[in-house]
Amino acid sequence: MVLVAGVDSSTQSCKVVIRDAESGALVREGRAAHPDGTEVHPRAWWAALGQAVAEAGGLDDVAAVSVGAQQHGMVCLDETGAVVRPALLWNDTRSAKAALDLITELGDGDDGGDAGVRAWADAVGSVPVASFTVTKLRWLAENEPASAQRSAAVCLPHDWLTWRLAGASGLDSLTTDRGDASGTGYWSPAAGQYRPDLLDLAFGRRPALPAVLGPAVVAGQTSAGALLAPGTGDNAAAALGVAASEGDVVVSIGTSGTVFSVATTPTADATGAVAGFADATGRFLPLVCTLNAARVLDAAASMLRVDLDELANLALSVPAGADGLVLVPYLEGERTPNKPLAMAALHGLRLANSTAAHLARAAVEGLLCALADGLDALVLQGVRARRVILIGGGARSEAVRRIAPVVFGLPVLVPPPGEYVADGAARQAAWVALGAAEPPSWTVEGIQSYAADPAPAVRLAYAQARDLVLNRPT
């Protein structure tokens, strides 16, 4: 049996799965927590990876390893390879102004931003928001010039972990892949190359960047001799993990919410809603991301002093639309739409709907409506949507499962709870270990199907409330 390892170094934790390369059968697994916060020193990821690997029984018997990780995080290294400062994560919004400035500057000073939005979409398939690495580099240059000056190289979380697994032999050995590179804001999926002029614009100079490897190119070896696959970002890994194909829209409800689909051609959304990412197979991954996802359910359960199962029961006890109660779930600002300073809002509260059950229903519907807006944006970019594959921690909620087809207006498939980012990374590792032309075909057992009549009135009420929310604190 040929064994491979897949790693998911996410915002909250590190998961490691060891699987049979040919069948995908799970052999063993491990996990370890990451510290909270939007600014984390990479050594915490390395320590968690070590703990998760140890819990999974080690890597000495695996043929290949692949790392999937949270996208966008800015890891700056000095000339010796030492980390310059704690990494700014994707959900750190301090660079919101930097994003707006970069849009204006690329648009030749257009204060309205329309020219800049089009210019960025044409350049790299995406428009900068606070999540993107390019905006964090601008923030660093403006706010910590000494740290910026020390930064000889810039990479992403998965790049850094792969580099460490390979022995961290020098900055010139840093590697990445198309999927993760496409989330930086300075690599073009359509052209397949970096845009150093955008680095100049954002950072004022050009630090060393990881080499961008093809989908199944060997990135190096571990100290035990296992091959290192290129790895990728978490969303591209999840697409591999659920074996998404054209027509499948993957909706992942985790710390963030993502809506994405595999496509054969690149996208360049001039509105900025859709990020035109690449995937981990040589194709493309148009994606919409929201900052507020599973924690919307956590917050509602906390307010109502119930657990998540009871929250689901409450939500399913009232009709679609929650009798007019609407929650716009911008609890941490929002990325899509780009309102990083916005706050959540509750609309339509009346005596008749001022119950725990109505608030629970509004929370679930608000979460799903925000994601459905993302689905609409993908369709406008030419994505063919025939069904939704629902994954992530939020997909464990029975209310989310049953209300999702009502909101999305499509059949919904829910695979069993699993570590699909780590599984996708493992599948990439198997691709490398087996030397195959394509990723191995692994079957996902136990998929449940959900269908229901759509309720357009729910989306309409949400859209009306959403458009009242301003991009500023009260």
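Structure shown above.
Notes on the structure follow. Counting from 1, residues in each chain are numbered in the order their sequence is written. Given that this is a predicted model, residues contribute local features only at a pLDDT of at least 70 and side-chain atom pairs are listed and counted only at 80 or more, while totals for whole chains, interfaces and linings are drawn from all residues. With hydrogens and water excluded, all non-hydrogen atoms of the structure serve as input to the side-chain values.

As a further point, take the pattern of salt bridges. The working definition used for a salt bridge is a side-chain nitrogen of Lys or Arg within 4 Å of a carboxyl oxygen of Asp or Glu. Within this structure, the stated rule accounts for 25 salt bridges. Between Arg138 and Glu105 there is a salt bridge, with its nearest N and O atoms 2.7 Å apart. Within this pair, whereas Arg138 is found in helix 4 (residues 133-143), its partner Glu105 is found in helix 2 (residues 96-106), the two being separated by 33 residues in sequence. On the accessibility criterion, Arg138 (7% relative accessible area) is buried. Think of it this way: any DSSP run of H or I at least four residues long counts as a helix, any run of E at least two long counts as a strand, and we number them from the N terminus. Relative accessibility thresholds used throughout: buried, under 20% of the residue-type maximum; exposed, over 50%; partly exposed, between the two (1.4 Å probe, protein chains only).

Now for the pairing of strand 16 (residues 248-253). Counting buried residues in strand 16 gives six out of six residues, a clear majority hidden from the surface. Of the two faces of strand 16, the one holding Asp248, Val250 and Ser252 and the one holding Val249, Val251 and Ile253 are both buried throughout. Pairing of strand 16 with strand 22 (residues 387-391), which is carried by five bridges, proceeds in the parallel orientation. Paired with Ser252 across the strands is Ile391, a residue of strand 22. When DSSP locates at least two bridges between a pair of strands, those strands are taken to pair.

A few words on the nonpolar core. Buried Ala, Val, Leu, Ile, Met, Phe, Trp, Tyr and Cys residues form a nonpolar core when they are joined through side-chain atoms within 4.5 Å. Membership of the largest hydrophobic core comes to 61 residues, with the highest contact counts inside it found for Val251, Ile253, Val364, Leu368, Leu390, Phe408 and Val412. In terms of residue count, helix 12 (residues 356-380) provides more of this core than any other element does, 15 residues in total. The contact criterion used is simple: two residues touch if any of their non-hydrogen atoms lie within 4.5 Å. Sequence-distant contacts of Val251, defined by excluding residues within four places in its chain, comprise Thr258, Val259, Leu371, Val388, Ile389, Leu390, Ile391 and Phe408. Counting residues in each nonpolar core, the second largest holds 45 residues, with Ala237, Val250, Val262 and Val421 among its members.

In this section: the packing of aromatic side chains. Any two aromatic rings considered together are summarised by their centre-to-centre distance and by the angle between their planes. Two rings from Phe, Tyr or Trp (for Trp, the six-membered ring) form a pair when their centres sit within 6.5 Å of each other. Planes less than 30 degrees apart are called stacked, planes more than 60 degrees apart edge-to-face, and all others tilted. The full count for this structure, using the stated rule, is three aromatic pairs. With centroids separated by 6.5 Å and ring planes inclined at 75°, the aromatic side chains of Trp45 and Trp160 adopt a geometry described as edge-to-face. Of this pair, Trp45 sits in helix 1 (residues 42-55) while Trp160 sits in helix 6 (residues 157-165), placing them 115 residues apart in sequence. Side by side, Trp45 and Trp160 carry an identical accessibility label, which is buried. Our definition puts a charge over a ring when NZ of Lys or CZ of Arg is within 6 Å of the ring centre and also within 35 degrees of the ring normal. Lying across the ring of Trp139, Arg94 places its NZ or CZ 5.0 Å from the centre.

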